[in-house]
Amino acid sequence: MTRVGVVLSGCGVFDGAEIHESVLALLAPDRAGAGVLCMAPYMDQMHVVNHLTGEATDGVRNVLVESARIARGEISDLAAVCNAPAVLC
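Residues numbered from 1 in each chain as written. Predicted model: local features only at pLDDT ≥ 70, side-chain atom pairs only at ≥ 80, totals over all residues. Heavy atoms only, no water.

> When you look at the environment of alanine 56 in this model, what are you seeing that I'm missing?
Mapped onto the elements, alanine 56 comes out in strand E4 (residues 56-57). Separated by 41 residues in sequence, alanine 56 and aspartate 15 place their C-alpha atoms 9.2 Å apart. Residues in contact with alanine 56, not counting those within four places in the same chain, are Val48 and Val49. (Helix = DSSP H or I, 4+ residues; strand = E, 2+ residues; numbered from the N terminus. Contact = heavy atoms within 4.5 Å.)

The following block contains the structure:
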């Protein structure tokens, strides 16, 4: 089976991977019969946004943890995947 890697960058239109784009990027390979591996970097987001107001906040969020919302928890640390032998990177 072909495997496709999808790199996510958080969860949110202003401070991460936009949900519609992410879902479509995950749906297309699945419909084509490929397995999908979601990945994200383990790092703090550069900006955290209050999505109700659109304003930046002082909060701290982790890109991998936020990306797990889209991947429903089935996600890998990008560095771990790229350092493994015979991977998608």
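We are not done yet, so read on.
> What exactly am I supposed to notice about the state of the cysteines here?
A disulfide bridge is the covalent bond that connects two cysteines by way of their sulfur atoms. The tally for this structure, following the rule as stated, stands at zero disulfides. Here cysteine 11 is not cross-linked by a disulfide; its sulfur's nearest cysteine counterpart is in cysteine 38, at 12 Å. (Disulfide = S-S within 2.5 Å.)

> How should unusual backbone geometry be read in this particular structure?
Negative phi is the rule for most residues except glycine; trans is the rule for most peptide bonds. In this structure, arginine 72 takes a positive phi of about 55° despite not being glycine. Counting through the fold element by element, arginine 72 comes out in the loop between helix H2 (63-71) and strand E5 (76-77).

> Help me out: how do you make sense of H2 in this one?
In an α-helix, one turn spans 3.6 residues; hence positions three or four apart end up facing the same way. Val63, Leu64, Glu66, Ser67, Ile70 and Ala71 are the residues of H2 that are buried. Down the axis of H2, the buried side of the element spans an arc of 160°, and every buried residue falls inside it. Exposed and facing more than 90 degrees away from the buried side of H2 are Val65 and Arg69. In this structure, the buried residues of H2 make contact with helix H1 (19-31), strand E2 (35-40) and E5. Two to three positions downstream of the cap, the backbone nitrogen of leucine 64 sits 2.8 Å from a side-chain oxygen, assigning the N-cap of H2 to asparagine 62. Positive backbone phi, approximately 55°, marks arginine 72, located one or two places after H2. (Buried < 20%, exposed > 50% of the residue type's maximum accessible area, 1.4 Å probe, protein only. Arc of directions from axis to C-beta. Polar contact = N/O pair within 3.5 Å; in protein donor to acceptor, adjacent residues only side chain to side chain.)

> Can you walk me through the pairing of E2 in this structure?
Here is the key point about a regular strand: its side chains alternate between the two faces of the sheet. Most of E2 is tucked away: five of the six residues are buried. Inspection of the sheet shows strand E1 (residues 3-7) paired to E2 by five bridges, in the parallel sense. Note that in E2 the partner of arginine 3 across the bridge is glycine 35. Traced from E1 through H1 to E2, the parallel crossover comes out right-handed. As judged from the two bridges shared by E2 and E5, these two strands associate in the parallel manner. Looking across to E5, one finds that alanine 40 is bridged to aspartate 77. (Pairing = 2+ DSSP bridges. Right-handed = clockwise from strand over helix to strand, strands pointing away.)

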